[in-house]
Amino acid sequence: MDLLHNPEFLSRAQFGFIALFHILWPPLTIGLALILFALEAAWVKTRKVFYYQQARFWTKIFLINFGVGVISGLPMEFSFGTNWGPFSIASGDFFGNILGFETAMAFMLEAGFLGIMLFGWKRVSPGMHLFATGMVAFGSTLSAFWIMVANSWMQTPAGVTMQHGKFAITSYFDAVFNPDLAHGFSHMFMACIELSLVVVAGVSAYYLLKQRHREFFLPSFKWAVIALAAVAPLQILIGDSAGGALAQTQPAKLAAIEALWHTNKPDTGAPWAIAVLPNQAAQKNDWEIAVPDVTSLIVTHSLTGRVQGLSDFKPADQPPVLIPFYSFRVMLVAGVFIAFMAVVTLWMLWRHKAQMLAASVSRNKWLLRGWLLTIPAAYIAIEAGWLVREVGRQPWIVYGMMRTAHGVSNVPVAVLQWSLLSYVVFYSVIGIAALVFMRGVLRKGPVFEDPPHQSARHTGIHTQPAVAQGSH
């Protein structure tokens, strides 16, 4: 059947497009909220106006991302009822309950204190404002936790049985803390922190390249780089741990990620493919460039460790290979690039110390341009990782228990075609508008104003002349 007339494909394409667009925005708000809390805590403790001005500047970027995240996320929630009715009916006792937790327990907490965080600077005390910012950060993290609980349960369902076409809960604890949750949440949460640090470093590098507000953005650049030098390698290690866990929880997905069709024989290792042309029908790769034994080493930490191949599973139970295989490698290259930039820059910061960039920006333009590239690299890594996670789960909507084809609603093809087109147009407008707003924020730069309840002359820091040097 033509894919454009296939209800299942169209529903998957629509949900996939919404999800891939939506995931561009919340990760930055999750990580940036923690950074804002740290900056504001430094201001409350030291009363240095610099930290207050930093918090006010990055709050603008936070707000744009938060708004687009909310607008793009609501249709995704409704899609479970409109496009995935049978799945919602079958899994509602648990899945719907978890989404309800995310809304009532996390999103409402975050949204409730957001107003104080944005508009309460002159209306509440610094301590109360810090508390509000902390609640926003806590709410955004809690929201990520519940979303990952729901998604991880779809990856590795636990604590339920299928009774009369519905998932009956046998252990709520096991369902929430399913086998994938620790790896899935930690990997996603660390991705949020890494993305936020990359954005801070990249935006700061942009201003340093333009020689605008160097005294303002050099410290934020240094802080972000130092943090990334620890976070980026740690994220790679967490990803490696998550990949190893797939051998027990989702071996077919692991095989698809590695384009491994046949289980390696005893005393031989499974190769790691760099590039392949998979042939799903023939159950082989038409050609490949591979390194011997490396997949066994990565997954089992042994050169001859056993790794299941796709041929161990029925063709109907096999995920597609092309998208997970190349998406994983794109994610890996982007992650390694960010880690490399962080380590190299940290070494240069240590070598040049205070003179780094501040004395001669021209000598380091190549480095700063590299940091501009880390921003799209971080977003590409998140998108590619999500493709690996979701496409690799197919053909199951709940892994091993409910097929995707059995969870889709019976919606007319014409309705699906027009709704998909409408979402593409609507979300494109939203995305372009958000980029325009962020461009405006970057062109305007930071605003050097005194914090409420305090005069800048009491801080020992001047707000304008030195900081704004070169801004015109």
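So, how was this worked out
- Residues numbered from 1 in each chain as written.
- Predicted model: local features only at pLDDT ≥ 70, side-chain atom pairs only at ≥ 80, totals over all residues.
- Heavy atoms only, no water.
- Helix = DSSP H or I, 4+ residues; strand = E, 2+ residues; numbered from the N terminus.
- Rg over C-alpha atoms; globule rule 2.2 N^0.38 Å.
- Contact = heavy atoms within 4.5 Å.
- Areas by Shrake-Rupley, 256 points an atom, 1.4 Å probe, with all protein chains shown as cover.
- Lys, Arg positive; Asp, Glu negative; His and termini not counted.
- Charge placed at Lys NZ, Arg CZ, Asp CG, Glu CD.
- Core = buried A, V, L, I, M, F, W, Y, C linked by side-chain atoms within 4.5 Å.
- Buried < 20%, exposed > 50% of the residue type's maximum accessible area, 1.4 Å probe, protein only.
- Salt bridge = Lys/Arg side-chain N within 4 Å of Asp/Glu carboxyl O.
- Pairing = 2+ DSSP bridges.
- Expected span 1.5 Å × (residues − 1).
- Polar contact = N/O pair within 3.5 Å; in protein donor to acceptor, adjacent residues only side chain to side chain.

(A) Examining the overall build of the chain more closely. Looking only at helices and strands, the chain has 13 helices and six strands in total. For the chain, the C-alpha radius of gyration of 24 Å lies close to 23 Å, the compact-globule estimate for 472 residues. Structurally, the chain occupies a C-alpha span of about 70 × 45 × 40 Å along its principal axes. Of all intrachain contacts in the chain linking residues separated by at least 6 positions in sequence, the fraction that spans at least 24 positions is 78%. For the chain, the accessible surface area stands at approximately 21300 Å², while carbon and sulfur atoms represent 69% of it. Of the charged side chains in the chain, 31 are positive and 23 negative; the average position of the first set lies 16 Å away from that of the second.

(B) Inspection of the nonpolar core at higher detail. The biggest cluster of nonpolar side chains holds 114 residues, and the ones touching the most others in it are F57, W58, F62, F87, W153 and W371. Considering each element in turn, this core owes the most residues, 19 residues, to helix α7 (residues 181-209). Apart from residues lying up to four places away in sequence, W153 is in contact with S91, F94, F95, A158, V160, F167, A175, N178 and V398. In terms of nonpolar packing, the next biggest core, distinct from the first, is built from 13 residues, A255, A273, L310 and F313 among them.

(C) Seen up close, the pattern of salt bridges. For the structure on display, the rule yields five salt bridges. We note a salt bridge from D180 to R389, for which the minimum N-O separation is 2.5 Å. One end of the pair, D180, is in the loop between α6 (172-176) and α7; the other, R389, is in helix α12 (residues 365-391), with 209 residues separating them in the sequence. R389 carries the same exposure label as D180, and that label is buried. Notably, a salt bridge pairs D312 with R306, separated by 4.0 Å at the nearest N-O pair. Its relative accessible area of 38% is what places D312 among the partly exposed residues.

(D) Molecular detail of the pairing of strand β2 (residues 166-169). For strand β1 (residues 160-163) and β2, the ladder comprises four bridges, and the chain directions are antiparallel. Within β2, the position partnered with T161 by the bridge is A168.

(E) Spotlight on the environment of V441. For V441, the location among the structural elements is in helix α13 (residues 413-444). Distance from V441 to W58, taken between C-alpha atoms, is 9.6 Å for residues 383 residues apart in sequence. Beyond its immediate stretch of four places on either side in the chain, V441 contacts F57, K60, I61, I64 and Y207.

(F) Structural context of helix α1 (residues 7-22). Across its 16 residues, α1 extends 22 Å between first and last C-alpha, which sits within 8% of the 22 Å expected from 1.5 Å per residue. Looking at the buried side of α1, the elements it contacts are α2 (26-46), α3 (49-82), α12 and α13. For α1, the N-terminal capping position is held by N6, with its side-chain oxygen 3.0 Å away from the main-chain nitrogen of E8.

(G) Structural view of the environment of L373. By the secondary structure assignment, L373 is in helix α12. Using a relative accessible area of 53% as the deciding quantity, one classes L373 as exposed. A sequence separation of 175 residues divides L373 from V198, and the C-alpha atoms of the two residues are 9.7 Å apart.

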